[in-house]
Amino acid sequence: MPSSLYTPAHFAAPSLAAMHDLIVANDFGLLIASDGDDVQVSHIPFMLERGRGDKGTLLAHVARANPIWRLLETRPALAIFQGPHGYVSPRWYATQPAVPTWNYSAVHAHGPARLLHEPAELTALVDRLARLYEDPAAWSVAGQPERFIDGMVRGVVGIEIKIADLQGKFKLSQNRPRADRDGVIAALEASGRAEDRSLAAAMRATLPSE
């Protein structure tokens, strides 16, 4: 594809582990594929295998009727994951004058895709993805009728992305004085929005140790 995520040095992701953590915590991502003319985008859940490859491997599946997988036969994949985000008011800064901004974290994963068509591979993949969210004692792929499973796997295509490039941007006020950062965190923690409070926690994790 390739694409680049604009990231000033002070907003760079602190580590591979931090980027992996964001993917796992926000695993419903965007899958993008393009041949230069056609661009296909799908919103799907992913599973990350952290230790498989230098930067990890992503697993997912899409409906066989979804044209995105045909682009992935010859083109690399881009998967985008977004963490908590929110508006930052200049009123919350100790330093004045100031302007509004938006704080957020995002990770872009690029890499070649291997498509899975074989029924046994697809069955195992769907089962693994379901186990991330489902109590196997309550529901599992293995517990379904064989004819149902056969029909299910015929209707999907598995996708395995070996991450070749991982870019992370954690824009969390690291460029502001400590008093400004403390003011933003306090305002977000007092918010009624759960996402604001999650954003405050992400900002607090970037503060230097005292």
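Criteria and cut-off values
Per chain, residues are indexed from 1 in the order of the written sequence. Local features in this predicted model are restricted to residues of pLDDT 70 or higher, and side-chain atom pairs are both shown and tallied only at a pLDDT of 80 or more, whereas totals for entire chains, interfaces and linings draw on every residue. Processing note: side-chain calculations cover all non-hydrogen atoms of the structure and skip hydrogens and water entirely. Among buried residues, the Ala, Val, Leu, Ile, Met, Phe, Trp, Tyr and Cys ones that are joined through side-chain atoms within 4.5 Å form a nonpolar core. Three labels apply to residues, based on accessible area from a 1.4 Å probe with only protein chains included: buried if under 20% of the type maximum, exposed if over 50%, partly exposed otherwise in between. Paired strands, as defined in this entry, are two strands with at least two bridges between them according to DSSP. Secondary structure is summarised from DSSP: a helix means a run of H or I of at least four residues, a strand means a run of E of at least two, and numbering begins at the N terminus for each. Note on definitions: angles span 0 to 180 degrees between N-to-C directions of axes, and those axes are lines fitted to C-alpha atoms, for helices only across the stretch in contact. A contact between two residues is defined here by any heavy atoms of the two lying within 4.5 Å. Given the number of residues in a helix, its expected span is that number minus one, multiplied by 1.5 Å. Here the arc refers to the set of directions running from the helix axis out to each C-beta atom. For Phe, Tyr and Trp, rings pair up if their centres lie within 6.5 Å, where Trp contributes its six-membered ring, and each pair is then called stacked (planes under 30 degrees apart), edge-to-face (over 60) or tilted (otherwise). The criterion for a charge sitting over a ring is simple: Lys NZ or Arg CZ within 6 Å of the ring centre, and within 35 degrees of the ring normal.

Novice: I would appreciate a short explanation of the nonpolar core in the present structure.
Specialist: Nonpolar side chains tend to gather and get buried jointly when the protein is soluble and globular. Counting 40 residues, the largest nonpolar core has Leu31, Phe46, Leu58, Leu72, Ile159, Ile161 and Phe170 as its most contacted members. Grouped together as the second largest cluster of nonpolar side chains are twelve residues, Met47, Leu116, Val141 and Val156 included.

Novice: Help me understand the sheet that holds strand 8 (residues 113-116) in this model?
Specialist: Where strands meet in a sheet, backbone hydrogen bonds hold them as pairs that are either parallel or antiparallel. One open sheet holds the four strands; their spatial order is 3-4-9-8, and the pairing between them is antiparallel. Two strands in the sheet have a free side with no partner beyond their single neighbour: strand 3 (47-49) and strand 8. Here the average twist between neighbouring strands, direction ignored, is 25°. Two elements, strand 8 and strand 9 (residues 156-162), share four bridges in a ladder whose sense is antiparallel. Each residue of the ladder has a partner; that of Leu116, found in strand 9, is Gly158. The strands touched by helix 3 (residues 119-131) within the sheet are strand 3, strand 4 (57-63), strand 8 and strand 9, with strand 4 carrying the most contacts at an inclination of about 105°.

Novice: Teacher, can you tell me more about helix 5 (residues 178-189) here?
Specialist: The periodicity of an α-helix, 3.6 residues per turn, causes residues three or four places apart in sequence to face the same way. Across its twelve residues, helix 5 extends 16 Å between first and last C-alpha, which sits within 8% of the 16 Å expected from 1.5 Å per residue. Burial in helix 5 covers these residues: Asp180, Arg181, Val184, Ile185 and Leu188. In an axial view of helix 5, the angular spread of the buried residues amounts to 135°, which keeps them on one side of the axis.

Novice: Hey, could you run me through the environment of Val156 in this one?
Specialist: Turning to its location among the elements, Val156 is positioned in strand 9. Sequence separation of Val156 and Gly53 is 103 residues, and the distance between their C-alpha atoms is 25 Å. What Val156 contacts, discounting residues up to four positions off in sequence, is His61, Val62, Ala63, Arg64 and Leu122.

Novice: Whenever I open this one, the environment of Ala106 confuses me. Can you help?
Specialist: Inspection of the secondary structure puts Ala106 in strand 7 (residues 101-111). The buried category is assigned to Ala106, whose relative accessible area is 8%. Linking Ala106 and Leu22, residues 84 residues apart in sequence, is a C-alpha distance of 7.8 Å. Apart from the residues within four sequence positions on either side, Ala106 is in contact with Leu5, Leu22, Phe81, Gln82, Gln167, Gly168 and Lys169.

Novice: Can you help me understand the packing of aromatic side chains in this one?
Specialist: Between two aromatic rings, the relevant description is the distance of the centres plus the angle of the planes. Enumeration according to the criterion identifies two aromatic pairs in this entry. Where Phe46 meets Phe81, the ring centres are 5.2 Å apart and the plane angle is 75°; that geometry is what we call edge-to-face. Of this pair, Phe46 sits in the loop between strand 2 (39-45) and strand 3 while Phe81 sits in strand 5 (residues 77-82); the two residues are 35 residues apart in sequence, bridging distant segments of the chain. The residues Phe46 and Phe81 share a single accessibility class, namely buried. Arg64 extends its terminal NZ or CZ atom over the ring of Trp69, reaching a point 5.7 Å from the ring centre. It is Arg176 that lies over the ring of Tyr93; its NZ or CZ is 3.9 Å from the centre.

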